[in-house]
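Results of the structural survey
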Amino acid sequence: MAACLIALGSNLGDRTATLDAAIAALSATAGVQVVRCSAWQLTLPVGGRRAQPEFFNGAALIETSRGAADFHALLQQIEVQLGRQRHERWGDRTLDLDLLLYGDAVIDSPALTVPHPRMSFRHFVLEPAVQIAAPMVHPEIGWTLERLLEHLDGGADCVALVAPSATARRELAAALRERFGLTEGAPSIADERLWPTSSTAWLTVPDGQMSSEHPKLTILLDSPTASEAGRGPTLQIPPTKGDNADREIFAAIAAVWPRLGSRGDQRLQ
Ligand code: A4P
Ligand code: MG
């Protein structure tokens, strides 16, 4: 049996009824036991087009005898049964079921990435997850879910941009200054092993707090040191991401600092 954690989201139709129905469908499946389920929380959309309806989000802790790929296929089947249609990435949806953690497995296949690559810096994922599974450990980062959530409040309001190419760092830093009004500035001490001076650019958030030595978000761009644990919330952008990379990075920043997300939108108007 594996203990796994899923995230549930809905922003179309009768949202809480759909989330309830997803839990009922999971409970009725052979080899699947719903151990605990969070409350449904109303959240503002992150990362999609502007003027999306609000989401209800939640999390559930599951025990299952199914393998990870098989369990993910079941989640997709339940999404479709409950009316999910896929038109665009991060588009509106009756139901989104994401596999956050599958025991302490680390999986990187074309269809499935576990831990879910965006779970470590999203309030709408971590808040319900901590309600039901605070001590579960993110196997790549090595932190509990509770610590990850606390860090979204208590970490330093800055972004560490780690990339081997100085040009890539410079271009991305310029885009983030322009879009979000970030300025240059690092925590007074930063661990050289995790954020090497030779490959890290630091950007701070206006009016943020820098009492921690640990940034709220690290972005690893084409980075060969990707597997090292200990950085805390991290977005990895592999070389293959191409044009999607900016969108992914902007959405991550808006997830960590919602007030900057709306500022980014205003600047685009
Ligand atoms: N996939 C890979 N790994 C996983 C995994 N661990 N769990 C693949 C689930 N799916 C995984 O997913 C896209 C592809 O990811 C699939 O082919 C699947 O095999 P999708 O469900 O078809 O599309 P999506 O949900 O639009 O994309 P994605 O990347 O899963 O989006 P996210 O990151 O889940 O973000 N704001 C609020 N407030 N609340 C939300 O729930 N959700 C999103 C979606 C954006 N903003 C949100 C919310
Ligand atoms: Mg999804």
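The preceding data block contains the structure.
Attention in this report is confined to the structure presented alongside it. (Residues numbered from 1 in each chain as written. Chains lettered and ligands numbered in written order. Predicted model: local features only at pLDDT ≥ 70, side-chain atom pairs only at ≥ 80, totals over all residues. Heavy atoms only, no water.)

**Section: the overall build of the protein**
In terms of helices and strands, the protein carries 7 helices and 12 strands. Relative to its 269 residues, the protein shows a buried fraction of 51%. Counting only carbon and sulfur atoms, one obtains 50% of the accessible surface of the protein, whose full area is about 12,300 Å². (Helix = DSSP H or I, 4+ residues; strand = E, 2+ residues; numbered from the N terminus. Buried < 20%, exposed > 50% of the residue type's maximum accessible area, 1.4 Å probe, protein only. Areas by Shrake-Rupley, 256 points an atom, 1.4 Å probe, with all protein chains shown as cover.)

**Re the coordination of the magnesium ion (ligand 2)**
Around the magnesium ion (ligand 2), the donor atoms from the protein are D96 (OD) and D98 (OD), and they sit 2.3 to 2.5 Å away. Across this residue pair, the class does not change: D96 and D98 are buried. (Donors = N, O, S within 2.8 Å, 3.2 Å for Na, K, Ca; no water.)

**Describing unusual backbone geometry**
Going from V114 to P115, the amide bond is cis rather than trans, its omega being -5 degrees. One non-glycine residue with positive phi stands out, namely D207, at about 60 degrees. Topologically, D207 is positioned in the loop between β10 (200-204) and β11 (215-221). Residue classification places D207 among the exposed positions, given a relative accessible area of 77%.

**Here we look at empty space enclosed by the protein**
Scanning the entire structure with this criterion turns up 1 cavity of 30 Å³ or more. R84, Q85, R86, H87, E88, G91, D92 and R93 are the residues that line the largest cavity. (1 Å grid on protein atoms, 1.4 Å probe; cavity = no way out; pocket = protein on both sides within 12 Å on 5 of 7 lines; lining within 4 Å. Points joined across faces, edges and corners; volume = space filled by probe spheres on them.)

**Quick notes on the pairing of strand β8 (residues 156-162)**
The buried fraction of β8 is high, at 7 of 7 residues. Bridge analysis of β8 against β11 gives 5 bridges, and the strand direction is parallel. By the bridge assignment for β11, A156 is matched with P215. Where β8 lies against β10, 5 bridges are found, and the strand directions are antiparallel. Note on β10: the bridge partner recorded for V159 is L203. (Pairing = 2+ DSSP bridges.)

**Remarks on the site of ligand 1**
Around ligand 1 sit 24 residues, and of these V46, R86, R93, D98 and R118 come closest. Within the side chain of T43, an N or O atom sits 2.9 Å from a nitrogen atom of ligand 1. D96 is positioned such that a nitrogen or oxygen atom in its side chain is 3.2 Å from an oxygen atom of ligand 1. Elements with a minimum of two residues in the shell around ligand 1: β4 (55-64), α2 (68-81) and β5 (96-102). Residue contributions to the shell around ligand 1 peak at 4 residues, all from β5. Split by residue class, the shell around ligand 1 holds 10 nonpolar, 6 polar and 8 charged. (Near = heavy atom within 4 Å. Polar contact = N/O pair within 3.5 Å; in protein donor to acceptor, adjacent residues only side chain to side chain. Nonpolar A, V, L, I, M, F, W, Y, C, P; charged D, E, K, R; others polar.)

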